[in-house]
Amino acid sequence: MKHLKVRLTVMNFLEFAVWGAYLTCMGNYLVKAGMGTEIAWFYALQGIVSIFMPTLMGIVGDKWVQPQRLLGLCHLGAGLAMIALCYMGYSASVAGTNPNEAAFIAVYTVSVAFYMPTLALANTTAFTILKDNGYDTVKDFPPIRVFGTVGFIATMWFVNCATLDNGTFSLTLAPSEGKFQYTYMQFLVSGVLGVILFLYCLTLPQCKLVSKPKQSLAQTLGLDAFKLFKRRKMALFFIFSMLLGMSLQVTNGFATPFITSFKGSTDPAIANSFGANNATMLVSLSQVAEALCILLIPFFLKRYGIKTVMLIAMFAWVLRFGFFGLGNPAFPGVILFILSCIVYGVAFDFFNVSGGLFVDKECDASVRASGQGLFMLMTNGLGATIGTLAAGKIVNHYCHYNEGGYLVGDWSSAWFIFAAFALVVAIAFMLLFKYKHNGQQA
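Remember, it's a predicted structure, so these values are computed and weren't measured experimentally.

A.B. asks: How should I be thinking about the overall build of the protein in this particular structure?
C.D. replies: Assigned secondary structure in the protein consists of 20 helices and four strands. A compact globule built from 442 residues should have a C-alpha radius of gyration of about 22 Å, and the protein, at 21 Å, falls within 12% of that. Projected onto its principal axes, the C-alpha coordinates of the protein cover approximately 60 × 50 × 40 Å. Taking all 442 residues of the protein together, 54% fall into the buried category. Looking at the protein alone, contacts between residues at least 24 apart form 78% of all its contacts between residues at least 6 apart. Per element, the accessible surface of the protein, about 18,700 Å² overall, is 68% carbon and sulfur. Side-chain charges of the protein comprise 28 positive and 18 negative groups, with the mean position of each set lying 12 Å from the other.

Here it is as structure tokens:
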């Protein structure tokens, strides 16, 4: 029986390893491929497809295809599209041109449209297999899930160090333009892992389809959760969820191009620094912090309550952006980058977990699942999409591409604008959102 947990651990490792291969370093390649001004759109597309694809695939998984099989098929589609992106990048480099932008964006959209639903399908698969074999999901799932973050970090480190120069593969921390974090090879890593996960899913135990009571179209699509907006407290919560969600993808999209831009500095101490040449590895500290901060949440929830924990997350976003605006990759400025990565764990985890618990406590059982879906829609869908596009406009206003292909300019002003926005949201939430802690909110 224990081998089942090991198998689910491998599944979660691969699930997030697929994403980690490109999510935080894709911007570096887009800059090199002449699509730097469209970075925001690439990350916004993840939010756009998150608005409807998880729901549609959830319906398919509920009615027609076992979740572990659907999980595999989605990864096959996403993986093949990623491999196609690599081929498009390779073909363009051989021809000495940039990839066709419209075609590249179209294929990328197909990939993320298949990938984003797998985040929920992976959870569904794990929960079903654990329950079918007598495991306690509350106790046994978190140690399995944490290996998803480990997988994300592992591929971040791999693409940061993996180098292909003149047909020779190596792993290095030294400066090199052939590192996967700068090239189309990051998509190949993601695609191959996706195909491997597809094959692996075929070997997982079956998750039998369970017949459910007949639902209306609105219930099936989760639209019935919008009636929660009739309650002032819930309406405020979802509005602030969207506002906070506007910060979620900003650093995923722009942190590595920002840190990498220091390679173009006229100061050798900055241009040749470890951080400037290993931006993906430096940013991976954010995911390390994310994994560790999960362990702190039960204590903070019990001691301070849901509202305070959400406030801590909001102010952590202020520090996340502010530290980027003040730091640089050379010592001692790099300390501020490291602090930014550490507070990311608080910023990301504290709101997502406490927000999910708030929805669970405040929603009637009949709309609880839909309420969770609405929470994800407001944060990772609408919020992340609007925020990423707005951030792109700001970055493109303050920064430009130099002859070396680096996105340089007044990055500090951009980061401080993001920090100011997060500060306004935090203060407004503190004043407007009323929620009393009763000491039992763990």
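A.B. asks: Even after reading the chapter, I still don't get the confidence of the model for the protein, so can you show me in this structure?
C.D. replies: Detailed reading of predicted coordinates is not advised where the pLDDT is low. The predicted model of the protein has a mean per-residue pLDDT of 88, with 92% of residues at 70 or higher. Helix H8 (residues 185-201) holds the highest mean pLDDT among the elements of the protein, 98, whereas helix H9 (residues 217-220) holds the lowest, 61.

A.B. asks: Sorry, what's going on with the side chain of Thr379 here?
C.D. replies: Turning to its location among the elements, Thr379 is positioned in helix H19 (residues 368-398). Residue class for Thr379 comes out buried when judged on its relative accessible area of 2%. A polar contact of 3.3 Å, which involves the side chain of Thr379, links it to the backbone oxygen of Met376. Every residue in contact with Thr379, bar those within four places of it in the chain, is listed here: Ser241, Gly245, Leu248, Phe351 and Ala384.

A.B. asks: Just checking my understanding: could you explain the nonpolar core for this structure?
C.D. replies: Where a protein is soluble and globular, its nonpolar side chains tend to be buried together. Within the largest apolar cluster, 125 residues are counted, with the highest numbers of intra-cluster contacts made by Met11, Phe104, Tyr108, Phe187, Phe237, Phe238 and Trp415. Counting residues per element, this core draws most heavily on helix H17 (residues 306-326), which supplies eleven residues. Every residue in contact with Tyr108, bar those within four places of it in the chain, is listed here: Tyr22, Met26, Phe42, Leu45, Gln46, Met82 and Leu85.

A.B. asks: I keep staring at the packing of aromatic side chains and nothing clicks. Help me out?
C.D. replies: What describes a pair of aromatic rings is the distance from one ring centre to the other and the angle between the planes of the rings. The final tally for this structure, using the stated rule, is 41 aromatic pairs. Between Phe258 and Phe324, the aromatic rings sit 5.7 Å apart at their centres with planes inclined by 80°, giving edge-to-face as the arrangement. Residue Phe258 is found in helix H11 (residues 250-260), and its partner Phe324 is found in helix H17; the two are separated by 66 residues along the sequence. Both residues of the pair, Phe258 and Phe324, count as buried.

A.B. asks: Can you walk me through the pattern of salt bridges in this structure?
C.D. replies: The final tally for this structure, using the stated rule, is five salt bridges. Between Asp140 and Lys5 there is a salt bridge; the shortest N-O distance is 3.4 Å. In this pair, Asp140 sits in helix H7 (residues 137-161) while Lys5 sits in helix H1 (residues 2-20), placing the two residues 135 residues apart along the sequence. On the basis of relative accessibility, which here comes to 11%, the residue Asp140 falls in the buried class. In this structure, Glu177 engages Lys32 in a salt bridge whose closest nitrogen and oxygen atoms are separated by 3.5 Å. With Glu177 in the loop between strand S2 (168-171) and H8 and Lys32 in helix H2 (residues 26-32), this residue pair connects regions lying 145 residues apart in the sequence. Within the structure, one salt-bridge network assembled from shared partners comprises Lys32, Glu177 and Lys263.

A.B. asks: How should I be thinking about the packing of H11 against H17 in this particular structure?
C.D. replies: Geometrically, a packed helix pair is captured by the angle between its two axes and the distance between the axes. Relative orientation of the contacting elements H11 and H17 amounts to 20°, with a least axis distance of 12 Å. With respect to H17, the axis of H11 lies roughly parallel. The crossing of H11 and H17 is left-handed. Side by side, H11 and H17 meet where Val250, Thr251, Ala255, Phe258 and Ile259 of the first sit next to Trp317, Arg320, Phe321 and Phe324 of the second. Of the residues contributing to the contact of H11 with H17, the split by class is seven nonpolar, one polar and one charged.

A.B. asks: I keep staring at the state of the cysteines and nothing clicks. Help me out?
C.D. replies: Two cysteines form a disulfide when their sulfur atoms are joined by a covalent bond. Counted under the stated rule, the structure contains zero disulfides. Distance from the sulfur of Cys293, which forms no disulfide, to the nearest cysteine sulfur (Cys341) is 12 Å. The closest cysteine sulfur to the non-disulfide-bonded Cys399 is located on Cys341, 18 Å from its own sulfur. The exposure class assigned to Cys399 is buried, which follows from its relative accessible area of 7%.

A.B. asks: Any chance you could explain the environment of Asn100 here in plain terms?
C.D. replies: Position of Asn100 among the secondary structure elements: in the loop between helix H4 (67-95) and helix H5 (101-115). A residue is classified by how much of its surface remains accessible, and Asn100, at 52% relative accessible area, is exposed. Along the sequence, Asn100 and Met35 sit 65 residues apart, while their C-alpha atoms lie 9.8 Å from each other.

A.B. asks: Explain unusual backbone geometry to me, please; I cannot follow it from the model alone.
C.D. replies: Where the residue is not glycine, phi is negative for most of them; where a peptide bond is considered, it is trans in most cases. Omega for the peptide link from Phe331 to Pro332 comes to 5°, which places this bond in the cis form. Following the sequence through the fold, Pro332 ends up in the loop between H17 and helix H18 (333-362). The phi torsion at Asn166 lies on the positive side, around 55°, for a residue other than glycine. Tracing the sequence through the fold places Asn166 in the loop between strand S1 (162-165) and S2.

Here is what the cut-offs are and how they apply
- Residues numbered from 1 in each chain as written.
- Predicted model: local features only at pLDDT ≥ 70, side-chain atom pairs only at ≥ 80, totals over all residues.
- Heavy atoms only, no water.
- Helix = DSSP H or I, 4+ residues; strand = E, 2+ residues; numbered from the N terminus.
- Rg over C-alpha atoms; globule rule 2.2 N^0.38 Å.
- Buried < 20%, exposed > 50% of the residue type's maximum accessible area, 1.4 Å probe, protein only.
- Contact = heavy atoms within 4.5 Å.
- Areas by Shrake-Rupley, 256 points an atom, 1.4 Å probe, with all protein chains shown as cover.
- Lys, Arg positive; Asp, Glu negative; His and termini not counted.
- Charge placed at Lys NZ, Arg CZ, Asp CG, Glu CD.
- pLDDT = per-residue confidence, 0-100.
- Polar contact = N/O pair within 3.5 Å; in protein donor to acceptor, adjacent residues only side chain to side chain.
- Core = buried A, V, L, I, M, F, W, Y, C linked by side-chain atoms within 4.5 Å.
- Phe/Tyr/Trp six-rings, centres within 6.5 Å; stacked < 30°, edge-to-face > 60°.
- Salt bridge = Lys/Arg side-chain N within 4 Å of Asp/Glu carboxyl O.
- Axes fitted to C-alpha atoms, helices over the stretch in contact; angles between N-to-C directions.
- Parallel < 35°, antiparallel > 145°, perpendicular 65-115°, else oblique.
- Left-handed = near helix turned anticlockwise from the far one by under 90°.
- Nonpolar A, V, L, I, M, F, W, Y, C, P; charged D, E, K, R; others polar.
- Disulfide = S-S within 2.5 Å.

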